[in-house]
Amino acid sequence: MTSIERTAYPRFKRLITAHELHLFFAPSRDEVEWAAARTDCDEHLLAQLLALKSYQRMGCFPKLGEIPETVVDFVRRAVDLPEGTVPKAANRTAERQRTAVRQRTGLSYNQARARKIAEAVMRSEAVSKNRPAE
């Protein structure tokens, strides 16, 4: 059976190794500068970087409370933020952060277009799969 981390609904692993932290969640200098230019406080900077790195790794935006503390601590230390800094983003701030991450990664968010594409694919597949054996 496929592990839950490799399905269409990605989640964080229960145990994240140090190698995985460095490989997937270490922000580059360019990413830190990009995030710092778009935020006004340490809490928002941490939330922006967590959104970016989580999206790059999982392809979705988890809620801040769903991000394991080990990942939060690792990113906090990687950018030299004070020890008590916790990621915070109100709803509107979080939406702006997600939009900025999508722009940085070159992706668009268009639900209507995605539904049309999904419908077209489902209809074409339904026709090809609806051929009973003779």
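Quick notes on the rules
- Residues numbered from 1 in each chain as written.
- Predicted model: local features only at pLDDT ≥ 70, side-chain atom pairs only at ≥ 80, totals over all residues.
- Heavy atoms only, no water.
- Core = buried A, V, L, I, M, F, W, Y, C linked by side-chain atoms within 4.5 Å.
- Buried < 20%, exposed > 50% of the residue type's maximum accessible area, 1.4 Å probe, protein only.
- Helix = DSSP H or I, 4+ residues; strand = E, 2+ residues; numbered from the N terminus.
- Contact = heavy atoms within 4.5 Å.

Moving on to the nonpolar core. Counting 23 residues, the largest nonpolar core has F12, F25, L50, V71 and V75 as the members making the most contacts within it. For this core, the elements supplying multiple residues, two or more each, are α2 (29–38), α3 (42–58), α4 (69–78) and α5 (91–105). Among the elements that make up this core, the one with the highest residue count is α3 (eight residues).

The subject of this paragraph is the environment of L52. Among the structural elements, L52 can be located in helix α3. Judged by relative accessible area, L52 falls into the buried class, the value being 0%. Separated by 27 residues in sequence, L52 and F25 have C-alpha atoms that sit 9.1 Å apart.

Looking at the element boundaries, V79 is found in the loop between α4 and α5. Spatially, the C-alpha atom of V79 lies 8.6 Å from that of L46, the residues being 33 residues apart in sequence. Those residues in contact with V79, other than ones at most four positions away along the chain, are P27, V32 and L49.

On to α4. Taken as a whole, α4 has its buried residues at V71, V72, D73, F74, V75 and R76. Among the structural elements, α1 (18–24) and α3 are those in contact with the buried residues of α4. Just downstream of α4, D80 is the residue with a positive phi angle, here 55°.

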